[in-house]
Each structure stands twice: as C-alpha cells, then as structure tokens.
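Examination of the molecular architecture
Chain by chain, the residues run as shown.
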Amino acid sequence: MPNADSPPVFRARGLTKKYGRRGKLALDGVDLSIPPGRVIGLVGPNGAGKSTLLHLACGLIEPTAGSLTVLGSTPAANASHLARVGFVAQNTPVYGSFTVAEHLALGQKLNPAWDSALAQRRIRQVGLNPSQKAGHLSGGQRAQLALTIAAAKRPELLIFDEPAAALDPLARQGFLQNLMEFVRELGASAVLSSHLLGDIEQVCDYLIVLCDSQVQLAGDTRDLLAGHARLVAPRADFDRLPPSVEVISVEHSADHSSAIVRTGLTSGPLHPVSLEELVLAYMTRAAAGVEAANWEVAR
Ligand SMILES: Nc1ncnc2c1ncn2[C@@H]1O[C@H](COP(=O)(O)OP(=O)(O)OP(=O)(O)O)[C@@H](O)[C@H]1O
C-alpha cells in the first residue's frame, strides 16, 4: 500500500524516444511525475506514443535521451523491480499451446511472490477451464488470463496497454471490474492506455493526454474537470477574455462561439465539461498545431 513517502509511479524528465536514426520521435522531451495509488488513464490518438511510454516503463525498450523512473527505480533494473510491475500488453498475448493451468505453473516458477491462491480463485471466478489450451480461448477469456497472471505476481504497479480493445461491451465491463478489484485487493497503482474514453472515465482517477509525442495534459481527473469549462459567448467576447482564461479549443457559429477553456473564472456563461470533451479539446488543439507546422514545412 503506498504511503506519503512512496516514490512517484512514473517520474520522467526530458524523456525522449526515437526509433532508429531516421525514425520519427515517438516521445519528445516528456516530463511527468505521477503520485502513487492512482488508476491512471493514458489517452491520445494513434501513434501518439502511448505504447512507447508503457514499453519504456516496463524496460522493454530504452530511452534515446532523458530519464524515467518507475516506482523510484530504473525500469526492469533487476529481478526484484521486475516483480514489482505487472504488464498486460496490447492484444493480451498468451502461449497458444499452453493450457490455462500451465500458464499459472509458469507464472509460479518465474515469480517469487506468486500468489497461487489468488490465481486459482480468479480462474474459478471468471470460469476458465484449467485444462483448456490458451490458443482456444476467446479474446475476453485471454484478457482475463493475462490479467490474472499479472495480478498473481502481486505487483505494486499494473500496466495495461489497450487491454480491453477487442472485447465486447459485456466482457469489457467484466474485465474492468476485475481490474479494479485487483487494484483494490493488491493496494496497487495502475496505468491503462485506451481509446475508450468511457472506460477511462469509469475507472481512472488520473488522466494523461499524450498527443504528437508530448504530454498535453496530466493531473487528477477531478481537478482537471473542475479547472476547465465550456464557455458559450458572442464571438467578440472572446477577444476580451481575462488573461487567466486559456482557450483550449473553440468552435465558431454565425454569432456565438463555444470553447473549452482552462479557467480561473468562477462565474459567467460557463458549463461543466465531460472527460470526453476535455480530452477531445486537447487532442484537437494538438492536431491543429501539427497541421500548422506541416503547412509551414510545405511552404
Ligand atoms: N518498433 C518501432 N519502430 C519504428 N517506429 C515505431 C516503432 N514502434 C512505434 N513506432 C512509431 O512511434 C510512434 C509512436 O507509436 P506508439 O505505438 O507508441 O503509439 P500509440 O500511441 O501507442 O499508438 P496506437 O494508439 O495506434 O497504439 C509512431 O509514429 C509509430 O509509428
């Protein structure tokens, strides 16, 4: 269970990743410090760098520049640090020719803190047949097996890269419920990358919006929602906004404009924003920046 002295889950300083010498920057000078004990939603468009960040956090790849610590140490620095982090990769890969029981036996062999009772109980609860080959499991069952294996390590941090993307709504609901139960049971932190903003809204209390290789927004979801609003006003009023109001994205109609703003205002024509509106506003702003930069290059 994290306490006030626990190190940040992630601490990144100028974290940069470029694949190959001529490759595109997948992460570009990312700074982050995420407190422990949170369920963190990592969102952003295709190619934003989400998987890259998660792979760096698991020690599967190395940064090109800058630094990243996970739970206070270099990712995958040693066996004991590896045991503190559970990772469920995109498409929840499993060994197709191994049975469910063989996966659990392998997990036990490889992980000193393996919680066999937890693994057996969860397998029973989600109705997995121990003698079934993993290659014959449905996407939802495979995701449940991968989640069980990650959790039975009793990690301090669970990392999920779009774990529920292929699941139908019912299976996804079950998966997310299990994920939250594990987080509570283990007293763990979790990072979850997803395009499904409804899922993020349901389970995450911390949000990172990553676009174009950079963090656009990060913070406790409640604070972020409280610190932003939709402002609907005549177009001319937008020229007279106080400096404390930052327009994130704006749509104009003939006589009115509607904007998502980061606001110090407490009154006026303001409306609360949803998590989806907030994320879309930052993604729209980042996309407009990329478009403008590409246009400059093309000129
Ligand atoms: N192994 C690799 N070699 C070369 N380029 C890569 C590699 N992996 C990722 N990239 C590039 O790095 C950038 C970031 O990719 P990444 O997979 O981290 O994005 P993502 O946000 O996870 O995307 P998605 O939502 O589509 O999964 C992309 O431009 C991608 O093409």
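Residues numbered from 1 in each chain as written. Predicted model: local features only at pLDDT ≥ 70, side-chain atom pairs only at ≥ 80, totals over all residues.

**Some remarks on the overall build of the chain**
Helix and strand content of the chain: nine helices and 13 strands. Over its C-alpha trace the chain gives a radius of gyration of 21 Å, about what one expects of a compact globule, namely 19 Å for 299 residues. Along the three orthogonal principal directions, the C-alpha set of the chain runs to about 70 × 45 × 40 Å. When contacts within the chain are restricted to residue pairs at least 6 apart in sequence, those whose partners lie at least 24 apart make up 70%. (Helix = DSSP H or I, 4+ residues; strand = E, 2+ residues; numbered from the N terminus. Rg over C-alpha atoms; globule rule 2.2 N^0.38 Å. Contact = placed C-beta atoms within 7 Å.)

**Digging into the sheet that holds strand E13 (residues 270–271)**
With antiparallel pairing, four strands are arranged side by side in an open sheet as E11-E12-E10-E13. Strands with a single pairing partner mark the edges of an open sheet, and in this sheet they are strand E11 (246–252) and E13. In terms of strand pairing, strand E10 (residues 228–234) meets E13 through two bridges, oriented antiparallel. Across the sheet, the residue bridging to leucine 231 is leucine 270, located in E13. (Pairing = 2+ DSSP bridges.)

**Describing the packing of helix H4 (residues 116–125) against helix H5 (residues 139–152)**
Look at H4 against H5: their axes get within 9 Å of each other, and the N-to-C directions meet at 160°. Looking at the two axes, H4 sits roughly antiparallel to H5. Read as a crossing pair, H4 and H5 show a hand that is right-handed. Residue-level contacts link Leu118, Ala119, Arg122 and Ile123 of H4 to Thr148, Ala151 and Ala152 of H5. (Axes fitted to C-alpha atoms, helices over the stretch in contact; angles between N-to-C directions. Parallel < 35°, antiparallel > 145°, perpendicular 65-115°, else oblique. Left-handed = near helix turned anticlockwise from the far one by under 90°.)

**A look at H4**
Among the residues making up H4, those that are buried are Ala119, Arg122 and Ile123. An end-on view of H4 places all buried positions within 100° of arc, on one side of the element. In this structure, H4 carries Ala117, Arg124 and Gln125 as exposed residues pointing more than 90 degrees from its buried face. Where H4 is buried, its residues touch helix H3 (100–110) and H5. Backbone geometry just after H4 places glycine 127 at a positive phi near 75°. (Buried ≥ 20, exposed ≤ 12 C-beta atoms within 10 Å, placed from the backbone. Arc of directions from axis to C-beta.)

**As for the confidence of the model for the chain**
Caution is warranted with low-pLDDT regions, since their predicted coordinates should not be read in detail. For the chain, per-residue confidence averages 88 on the pLDDT scale, and 94% of positions sit at 70 or higher. Model confidence for the complex is summarised by a pTM of 0.90, with the ipTM given as 0.98. (pLDDT = per-residue confidence, 0-100.)

**Here we look at the packing of H5 against helix H6 (residues 169–186)**
Contact pair H5 / H6: the axes reach a minimum separation of 10 Å and the direction vectors enclose 5°. As far as their axial angle goes, H6 and H5 are roughly parallel. Between H5 and H6, the contacting residues are Gly140, Ala143, Gln144, Leu147 and Ala151 on the first element and Ala171, Phe175, Asn178, Leu179, Phe182 and Leu186 on the second. Grouping the constituent residues of the contact of H5 with H6 by class yields eight nonpolar, three polar and no charged. (Nonpolar A, V, L, I, M, F, W, Y, C, P; charged D, E, K, R; others polar.)

**A short note on the site of the ligand**
Every residue lining the ligand is accounted for by Tyr19, Gly23, Lys24, Ala26, Gly44, Asn46, Gly47, Ala48, Gly49, Lys50, Ser51 and Thr52. Residue contributions to the shell around the ligand peak at three residues, all from helix H1 (residues 50–57). The residue inventory of the shell around the ligand, partitioned by class, reads three nonpolar, seven polar and two charged. (Near = placed C-beta within 6 Å.)

**Comments concerning the environment of methionine 283**
Mapped onto the secondary structure, methionine 283 falls in helix H9 (residues 275–298). As for methionine 283 and glycine 44, which are separated by 239 residues in sequence, their C-alpha atoms are 7.0 Å apart. Excluding residues that lie within four positions of it along the chain, methionine 283 makes contacts with Pro45, Val209 and Cys211.

**Topic: the domain arrangement of the chain**
Each assigned domain of the chain is listed with its residue range as follows: domain 1 (10–221) and domain 2 (227–298). In this complex, domain 1 contributes eleven residues to the contact, which on the side of domain 2 involves seven residues. Elements with a minimum of two residues in the side of domain 1 that touches domain 2: helix H7 (197–203), strand E8 (206–211) and strand E9 (214–220). A per-element tally of the side of domain 1 that touches domain 2 places H7 first, with three residues. For the side of domain 1 that touches domain 2, the residue count by class is seven nonpolar, two polar and two charged. (Domains from an automatic or database assignment.)

**Comments concerning the pairing of E11**
As paired elements, E11 and strand E12 (residues 256–262) share six bridges and run antiparallel to each other. From the neighbouring strand, serine 249 faces E12, where its bridge partner is isoleucine 260. Count of turn residues in the E11/E12 antiparallel hairpin: three residues.

**Some points on H6**
With 18 residues, H6 should reach 26 Å at 1.5 Å per residue; the first-to-last C-alpha distance of 25 Å fits that figure. Among all positions of H6, only Arg172, Phe175, Leu176, Leu179, Phe182, Val183 and Leu186 are buried. Seen along its axis, H6 keeps its buried residues to an arc of 120°; they face one direction. The exposed residues of H6 that point more than 90 degrees off its buried face are Leu170, Gln177 and Arg184. Of the surrounding secondary structure, the elements contacted by the buried residues of H6 are strand E3 (39–43), H5, strand E6 (157–161), strand E7 (189–193) and H7. (Expected span 1.5 Å × (residues − 1).)

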